[in-house]
Amino acid sequence: MNNLKAAKFPTLQKFSLALSAAELHVQTECISSVLTNAASDIAKLSKTSRSLQNTLFRLQDAEGLAASLQAQAILPSLVHSDASVRAASNACKKQLKDVWDDLYNRKDLYNAIKSVATASPTPADPTVARLLNRSLRLFERNGVGLPDELRKKYQDLRRRIVELEYAFQRNINEDASIVWATPAELVGCSDSFLGGLTKKVGDDGVEVLGVALKAPQITTALQRCQNAQTRKRLATELQAKCRTANMPIMAELVNARHEAARIMQFDSHADFMVENNMAGSVDTVIKFLNRILDKMKPVLESDMKVLKELKQKELEISEISRTGDPKEDKVINLWDVSYYEDVLRMEKYAIDEEAVKEFFPIDTLTKNILETYQKLFHLTFQPIDDDHNEIKWSAEVKAFAVYDNRKDRPKDLLG
């Protein structure tokens, strides 16, 4: 970040996950200033003083710094135990997205960088040339080249799209749905798994266990539960999670994305999204996927045949493997795949993942993984003691400081 050395940015707080909602807002304002200050400085440059170093590279340095700092503001939305802090973090995440979008909607910033591209020969370094072209294209995809009235409509649509996307994801992240089942209905699941589930006494006085519709509980239950009706109920509830809240959001989101794409002269949102990627067009993507599908179809059919044979074998000896629908019993359903893949691993390959876990205690596994990363990437991992709980969102979290361990570099703290 050579171009940032002379830049003046606001003082940022030390990384901490113990920030309040108000402190998160302050932190987000500081990160936003990193971007807006850099943009304003670039726009003020006279035409004769502009260069790649003080325009394009300065902007990229500011973006890199902001991107590295934003984890503190947005990570709590995914992991914090306090719902109010998660909500504040979600608001910060949206605010930063809006700041980034506004950045690439500034005509003065676009003109400053474009004037350098126009006045100078194509950069000899292909990486720099690609960065320059993609940066200008990002401005254009944000509607910089549109007439003012249409540009405002496009920007309003994009902001609404962001709101809908965050609302959709927030509903999923905050969902705490549980499917209740008796121990008998969860037969096949290990005692250790059942012991970790929420318990309550049902209306009939029978104890029931709650399977959360989030990993690892839902994935383990679908993999191990022998009762087909229970698996079907779990899979159905999982697929319908947040349906009431998210279906109206999805309907509006699809329409808004399509309208925005049409304003930018694309046939669909898919065309708009893939245009800036390596594939370049939806047609290329579809052809690529079809080629893969053609090659994989025989393998899929062979694998499904094996799973069907396992299912029919189990149906002959176990009534709980039936859902009660003869059509469902003849095929591999969505709720059958994980279960019979697990049966196959145990029967054909003698691999029991639950048993294997006993040979890989978490402390030993973590130590060996970090040692491998240290060798591969020339890093050093040092445990952070319990006196620094401000960087943890749970007492169960183990935190590590990461240092650069290359011989020609100082032992810089990377994070």
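Each remark here, short or long, concerns the structure printed above.
Residues numbered from 1 in each chain as written. Predicted model: local features only at pLDDT ≥ 70, side-chain atom pairs only at ≥ 80, totals over all residues. Heavy atoms only, no water.

Topic: the nonpolar core
Line of reasoning, step 1. In terms of nonpolar packing, the biggest core is built from 33 residues, with Leu-59, Leu-103, Leu-109, Ile-113 and Phe-139 touching the most fellow members.
Line of reasoning, step 2. If you list the elements that add at least two residues to this core, you get α1 (21-44), α2 (56-69), α5 (83-103), α6 (107-119) and α7 (126-141).
Line of reasoning, step 3. Once residues lying within four places of it in the same chain are set aside, the contact partners of Leu-59 are Ile-42, Leu-103, Tyr-104, Leu-109, Ile-113 and Phe-139.
Line of reasoning, step 4. Ranked by size, the runner-up nonpolar core spans 17 residues in total, among them Leu-194, Leu-209, Leu-213 and Ala-221. (Core = buried A, V, L, I, M, F, W, Y, C linked by side-chain atoms within 4.5 Å. Buried < 20%, exposed > 50% of the residue type's maximum accessible area, 1.4 Å probe, protein only. Helix = DSSP H or I, 4+ residues; strand = E, 2+ residues; numbered from the N terminus. Contact = heavy atoms within 4.5 Å.)

Let's talk about the pairing of strand β1 (residues 178-181)
Line of reasoning, step 1. Side chains Val-179 and Ala-181 project from β1 onto a buried face, and the interleaved Ile-178 and Trp-180 project onto a face without burial.
Line of reasoning, step 2. Where β1 lies against strand β3 (residues 207-212), four bridges are found, and the strand directions are antiparallel. When the sheet's bridge partners are listed, Val-179 is paired in β3 with Val-211. (Pairing = 2+ DSSP bridges.)

Some points on unusual backbone geometry
Line of reasoning, step 1. Geometrically, the link from Ala-215 to Pro-216 is a cis peptide bond, its omega value of 5° lying close to zero.
Line of reasoning, step 2. Here Pro-216 shows up in the loop between β3 and α10 (217-224).
Line of reasoning, step 3. In this structure, Gln-265 takes a positive phi of about 70° despite not being glycine.
Line of reasoning, step 4. Here Gln-265 is to be found in the loop between α12 (243-263) and α13 (269-274).
Line of reasoning, step 5. For His-378, which is not glycine, the phi dihedral falls at a positive 55°.
Line of reasoning, step 6. Here His-378 lies in the loop between α18 (362-377) and β4 (379-383).
Line of reasoning, step 7. Since its relative accessible area comes to 44%, His-378 is described here as partly exposed.

Some details on the pattern of salt bridges
Line of reasoning, step 1. Going through the model one piece at a time under the given rule, you end up with 30 salt bridges.
Line of reasoning, step 2. Put simply, Lys-152 and Asp-156 hold a salt bridge, and the shortest N to O gap is 3.0 Å. Of this pair, Lys-152 and Asp-156 both sit in helix α8 (residues 148-174), separated by four residues, roughly a single helical turn.
Line of reasoning, step 3. The shortest N-O distance in the salt bridge between Asp-336 and Lys-311 comes to 2.7 Å. Of this pair, Asp-336 sits in the loop between α15 (326-329) and α16 (337-348) while Lys-311 is found in helix α14 (residues 282-315), placing the two residues 25 residues apart along the sequence. Note on accessibility: Asp-336 and Lys-311 belong to one class, buried.
Line of reasoning, step 4. Because the salt bridges share partners, they merge into one network encompassing Arg-137, Glu-140, Arg-141 and Glu-275. (Salt bridge = Lys/Arg side-chain N within 4 Å of Asp/Glu carboxyl O.)

Digging into the packing of α10 against α16
Line of reasoning, step 1. Interaxial distance between α10 and α16 falls to 6 Å at its minimum, and their mutual angle equals 65°. As α10 packs across α16, the resulting crossing turns out to be right-handed. The residues of α16 that touch α10, namely those facing Leu-222, Gln-223 and Arg-224, are Ser-338, Tyr-339, Asp-342, Arg-345 and Met-346.
Line of reasoning, step 2. Of the residues contributing to the contact of α10 with α16, the split by class is three nonpolar, two polar and three charged. (Axes fitted to C-alpha atoms, helices over the stretch in contact; angles between N-to-C directions. Left-handed = near helix turned anticlockwise from the far one by under 90°. Nonpolar A, V, L, I, M, F, W, Y, C, P; charged D, E, K, R; others polar.)

A closer look at a nonpolar patch on the surface
Line of reasoning, step 1. Taken together, the side chains of Tyr-349, Ile-351, Val-356, Phe-359, Phe-360, Ile-362, Leu-365, Ile-369, Tyr-373, Leu-376 and Phe-377 make up a nonpolar region of the molecular surface, amounting to roughly 1,100 Å² of accessible area.
Line of reasoning, step 2. Of all the elements, α18 adds the most residues to the nonpolar patch, at six residues.
Line of reasoning, step 3. On the secondary structure map, Phe-359 appears in the loop between α17 (353-357) and α18.
Line of reasoning, step 4. For Phe-359, a relative accessible area of 68% puts it in the exposed group. (Patch = residues over 30% accessible without salt bridge, like charges linked within 9 Å, V, L, I, M, F, W, Y side chains within 5 Å. Areas by Shrake-Rupley, 256 points an atom, 1.4 Å probe, with all protein chains shown as cover.)

Observations concerning the side chain of Asn-333
Line of reasoning, step 1. With respect to the helices, strands and loops of the structure, Asn-333 is situated in the loop between α15 and α16.
Line of reasoning, step 2. Take Asn-333: its relative accessible area is 12%, and that puts it in the buried class.
Line of reasoning, step 3. Side-chain polar atoms of Asn-333 contact the backbone oxygen of Glu-328, separated by 2.8 Å.
Line of reasoning, step 4. Sequence-distant contacts of Asn-333, that is, excluding residues within four places in its chain, are made with Lys-311 and Glu-328. (Polar contact = N/O pair within 3.5 Å; in protein donor to acceptor, adjacent residues only side chain to side chain.)

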